[in-house]
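Residue-level listing of the chains:
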Amino acid sequence: MFRSDDDSPAGAIVRTERLPQILVATAALWLFALILLTGVSLSEGVEHMLDTLPLRTVMCVEGAGVCVLIAAVLRRLSARTPRLQFLCAGALVVAAALQSGLVDDFAEQVMRHPRISPTAALSDAIGDAAFMVWIYLAWAGIYFALVLTRRLHAQELRSAQAAAATLQAQNSMLRYQINPHFLFNSLNAVATLIMDRKNDLAEQVVLSVSSFLRFSLEHGLQDKVTLRREIEAQDLYLSIERVRFGERFVFAAEIPDRLAGALVPSLILQPLVENAVKYAVAPTTALARVTIVAAEAMGRLQISVEDTGQGLPPTAAVGLGVGLSNVRARLAALYGAAGELHCEQLQAHGFRVRLTLPLEFP
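Residues numbered from 1 in each chain as written. Predicted model: local features only at pLDDT ≥ 70, side-chain atom pairs only at ≥ 80, totals over all residues. Heavy atoms only, no water.

Draft legend 1. Molecular detail of the overall build of the protein. Helix and strand counts for the protein come out as 9 helices and 7 strands. Evaluated residue by residue, the protein yields a buried proportion of 42% over its 362 residues. Within the protein, counting contacts between residues at least 6 apart in sequence, those at least 24 apart form 74% of the total. With the model as given, the accessible surface of the protein reaches about 19,100 Å², and the carbon-plus-sulfur share is 63%. (Helix = DSSP H or I, 4+ residues; strand = E, 2+ residues; numbered from the N terminus. Buried < 20%, exposed > 50% of the residue type's maximum accessible area, 1.4 Å probe, protein only. Contact = heavy atoms within 4.5 Å. Areas by Shrake-Rupley, 256 points an atom, 1.4 Å probe, with all protein chains shown as cover.)

Draft legend 2. Focus on a nonpolar patch on the surface. A cluster of nonpolar side chains, contributed by Phe32, Leu36 and Val40, occupies part of the molecular surface with about 280 Å² of accessible area. Tracing the backbone through its elements, the reader meets Leu36 in helix 1 (residues 9-42). Exposure remark for Leu36: the relative accessible area of 35% places this residue in the partly exposed category. (Patch = residues over 30% accessible without salt bridge, like charges linked within 9 Å, V, L, I, M, F, W, Y side chains within 5 Å. Salt bridge = Lys/Arg side-chain N within 4 Å of Asp/Glu carboxyl O.)

Draft legend 3. Quick peek at the sheet that holds strand 6 (residues 340-345). Pairing in this open sheet of 5 strands is mixed, and the strands run 2-4-5-7-6 from one edge to the other. Looking at strand neighbours, the two that pair on one side only are strand 2 (249-254) and strand 6, the edges of this open sheet. Neighbour-to-neighbour, the strand axes of the sheet open up by a mean angle of 15 degrees, direction not taken into account. Across 6 bridges, strand 6 lies against strand 7 (residues 351-358) in antiparallel orientation. Residue pairing in the sheet places Gln345 in a bridge with Phe351 of strand 7. Sitting on the sheet, helix 7 (residues 227-245) touches strand 2, strand 4 (288-297) and strand 5 (300-307), and the angle it makes with strand 2 is about 170 degrees. (Pairing = 2+ DSSP bridges. Axes fitted to C-alpha atoms, helices over the stretch in contact; angles between N-to-C directions.)

Draft legend 4. Representation of the side chain of Ser304 within the structure. Among the structural elements, Ser304 can be located in strand 5. Judged by its relative accessible area of 7%, Ser304 is buried. In this view, Ser304 contacts Thr291, Ile292, Val293, Arg352, Val353 and Arg354; residues no more than four positions away in its chain are not counted.

Draft legend 5. Fine view of the packing of aromatic side chains. Applying the stated rule across the entire model yields 4 aromatic pairs. Here Trp30 and Tyr136 contribute two aromatic rings whose centre-to-centre distance is 5.2 Å and whose plane-to-plane angle is 70 degrees, an arrangement assigned as edge-to-face. Of this pair, Trp30 sits in helix 1 while Tyr136 sits in helix 4 (residues 118-177); the two residues are 106 residues apart in sequence, bridging distant segments of the chain. Neither Trp30 nor Tyr136 differs from the other in exposure class; each is buried. When the centroid spacing of 5.3 Å and the interplanar angle of 85 degrees are considered together, the rings of Tyr143 and Phe144 count as edge-to-face. Phe144 matches Tyr143 in its accessibility class, with the two residues each being buried. Clustering of aromatic rings is evident, with ring pairs tying together Phe86, Trp139, Tyr143 and Phe144. (Phe/Tyr/Trp six-rings, centres within 6.5 Å; stacked < 30°, edge-to-face > 60°.)

Draft legend 6. Representation of the pairing of strand 4 in the model. Sheet topology places strand 2 next to strand 4; 6 bridges connect them, and they run parallel. Note on strand 4: the bridge partner recorded for Val250 is Arg289. By the bridge criterion, 8 bridges tie strand 4 to strand 5 in an arrangement that is antiparallel. Bridging across to strand 5, Ala297 finds its partner in Arg300. In sequence, strand 4 turns back onto strand 5 through a hairpin of 2 residues, with Met298 there showing a positive phi of about 55 degrees.

Draft legend 7. Looking closely at the packing of helix 7 against helix 8 (residues 270-281). Contact geometry of helix 7 with helix 8 gives a least axis separation of 10 Å together with a crossing angle of 20 degrees. Here helix 7 lies roughly parallel to helix 8, going by the angle between them. Note that helix 7 runs across helix 8; the crossing there is right-handed. Taken together, the residues of helix 8 that come into contact with helix 7 (itself represented by Glu230, Gln234, Tyr237, Leu238, Glu241 and Phe245) are Gln270, Val273, Glu274, Val277 and Val281. For the contact of helix 7 with helix 8, the class distribution of residues is 6 nonpolar, 2 polar and 3 charged. (Parallel < 35°, antiparallel > 145°, perpendicular 65-115°, else oblique. Left-handed = near helix turned anticlockwise from the far one by under 90°. Nonpolar A, V, L, I, M, F, W, Y, C, P; charged D, E, K, R; others polar.)

Draft legend 8. Inspection of the side chain of Asp307 at higher detail. By the element assignment, Asp307 lies in strand 5. One buried charged residue, Asp307, forms no salt bridge at all, with the nearest opposite charge on Arg352 at 9.5 Å. With near-sequence residues (within four places) excluded, Asp307 lies in contact with Ala276, Ala280, Arg289, Val290, Leu346, His349, Gly350 and Phe351. (Lys, Arg positive; Asp, Glu negative; His and termini not counted.)

The structure is reproduced here in C-alpha cells:
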C-alpha cells in the first residue's frame, strides 16, 4: 500500500528549512525587543536600566521560548484551514502577551516596589502587556510569511517534479508505443484476422492501434482529460487485447454520470490496465474480467482497476512495481499529499489498485 503523505521533497523542505529560519527570526525579534525595552528603561536613569536589565533579559528569553512553543502548535495545525490557523495564532498571541505583562511585569513591580498599590502595578502591567502584544503580533506575521514562502517554494518544486515525472513518463510511453512485443501482438492479430478473411475486424484493430497511438501523442502526460476520455483511451487499448484473448476477456467500466466529466491525468490508468491484462488475463485460459470503477468519497475521486486473476505472483513483483512507481510518482508530483495509491489482494481472487485524487471539473 502506498500513501502519499507529506513525505515528498517539497514537504521535507517545508519541515527542514522552515524551522531554522523561524528560530533565527524569533531570536532576532526578541533581541530587538530587548534592546528597545532597555532603551525605554534608560530614560529613567542608568541605574534603573541596569537594575531591570536581568529581568528584561529573562522576559525576552521567555518570550522567545513561548514563540517556539506557539510555532510547534501551529505546525500541528498546518493541515487545517488558514482561518483556523489565524484564529489559533491570535488567541495564543493574546494569551502570551497577557502572561508576559500581567504575570512577569506585575511580579516585578511588586518585588521592586513592595509599597506600590495593586491598582498602579496592574495599570503598568496592562501597559506592558499591550506593548508585548505588538511584539507577538510581529512574530506571528513573520511566522506566517515564512510559512507561505516555504509553501510557495514547495509548490514550485512540486511543479518542477511534475514536469520531470511527465518527461520520464512521456519517454516511457514512447518506448511503449514502439515496443516490439506490443507491435508484434497487434500485427500478428491483424495477420491472423486477414488469413481468416475477417477483414472488417482486422481493419478495426488497425484503426484502434492508430487511435490509441494518436491519443497518447496528442495528450501530453501533464495534461488532464475527462475521466470519460481516459476510459475511452483504455478501451482503445483493450480492444486490441480482446482480439488476442477473445471471449475469455471481459472489460467493464462502472462510471457514474456525474464523475464522467471529472479531470484526471492523461493515461494515468494505462500502466494499471496493462498490468491487469499481463498478470490476470494472459496467464489463464479461464474467463478473466478487468473492471474500472469510479466513485466519490468525502469530496475526492476514487478510481479502482480490479481484475479477477490470481493476484500478484512473486515473479511479477519487480515488473508491477515499475508500473505502479510511475503512477505513484505522477500522483505525488501533481497532487502532493492529496494523491494516494493503494494496492490490495482481493480475498476471493484478483487484485485491486485504487487511486485517490482531488475531485476536479473543467
